[in-house]
Amino acid sequence: MNIWLINHYAVPPEFYPLARPSLLAKNLQKMGHNVTIIAASTVHNSESKNLIENGEKVKISEYSGIPYVLVNCDPYQDNGVKRIKNIWQFAKRLPKVLDSLEKPDAIVATSFDPL
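Residues numbered from 1 in each chain as written. Predicted model: local features only at pLDDT ≥ 70, side-chain atom pairs only at ≥ 80, totals over all residues. Heavy atoms only, no water.

A. Highlighting the packing of aromatic side chains. This model, assessed by the stated rule, comprises 1 aromatic pair. Between Tyr63 and Tyr68, the ring centres sit 5.3 Å apart and the planes meet at 90°, which makes this aromatic pair edge-to-face. The two residues Tyr63 and Tyr68 agree in class, both being buried. (Phe/Tyr/Trp six-rings, centres within 6.5 Å; stacked < 30°, edge-to-face > 60°. Buried < 20%, exposed > 50% of the residue type's maximum accessible area, 1.4 Å probe, protein only.)

Structure follows, in structure tokens:
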């Protein structure tokens, strides 16, 4: 089965090894499923770390054997206006990104923001 895990804050394992989306993806892969994690390019609680540095709108990479589709969003450091902008950007850009991908058999969306 082809599965998308959509989580705004999902980060590759090297930034947070115990992150639930990557652990879920690994376990689903062990069961024979194809899993792609779709997340914002920013690393939450990281002093503004962004995994897209060259202005690309989307970056497709593999981290620890898990495919990631990263949606470029502006960095932020705290819970202020910049974080709200980041949440808005992800919500606004996500539909176009999803339209460009091969359709999944199942979608698991977690930690979804109200926007």
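Next comes the rest of the write-up.
B. Structural context of the sheet that holds strand S1 (residues 2-6). Spatial strand order, S3-S4-S2-S1-S5: 5 strands in an open sheet with mixed pairing. Strands at the two margins of the open sheet, each flanked by one partner only, are strand S3 (58-63) and strand S5 (106-109). With strand direction ignored, the average angle separating the axes of adjacent strands in the sheet is 20°. Summarising the sheet, S1 and S5 pair through 4 bridges and their orientation is parallel. Looking at S5, one finds that Ile3 is bridged to Ala106. Strands in contact with helix H2 (residues 81-99) are S1, strand S2 (34-40), S3 and strand S4 (66-71); relative to S2, the strand with the most contacts, it is inclined by about 145°. (Pairing = 2+ DSSP bridges. Helix = DSSP H or I, 4+ residues; strand = E, 2+ residues; numbered from the N terminus. Axes fitted to C-alpha atoms, helices over the stretch in contact; angles between N-to-C directions. Contact = heavy atoms within 4.5 Å.)

C. Broad picture of unusual backbone geometry. Unusually for a residue other than glycine, Ser64 sits at a positive phi of about 50°. Since its relative accessible area comes to 42%, Ser64 is described here as partly exposed.

D. Representation of the pattern of salt bridges in the model. Per the stated rule, a full pass over the model turns up 1 salt bridge. Between Lys85 and Asp74 there is a salt bridge, and its shortest N-O distance comes to 2.8 Å. Residue Lys85 is found in helix H2, and its partner Asp74 is found in the loop between S4 and H2; the two are separated by 11 residues along the sequence. Classification of Lys85 as partly exposed rests on a relative accessible area of 44%. In this structure Asp74 comes out as partly exposed when scored by relative accessible area, which is 29%. (Salt bridge = Lys/Arg side-chain N within 4 Å of Asp/Glu carboxyl O.)

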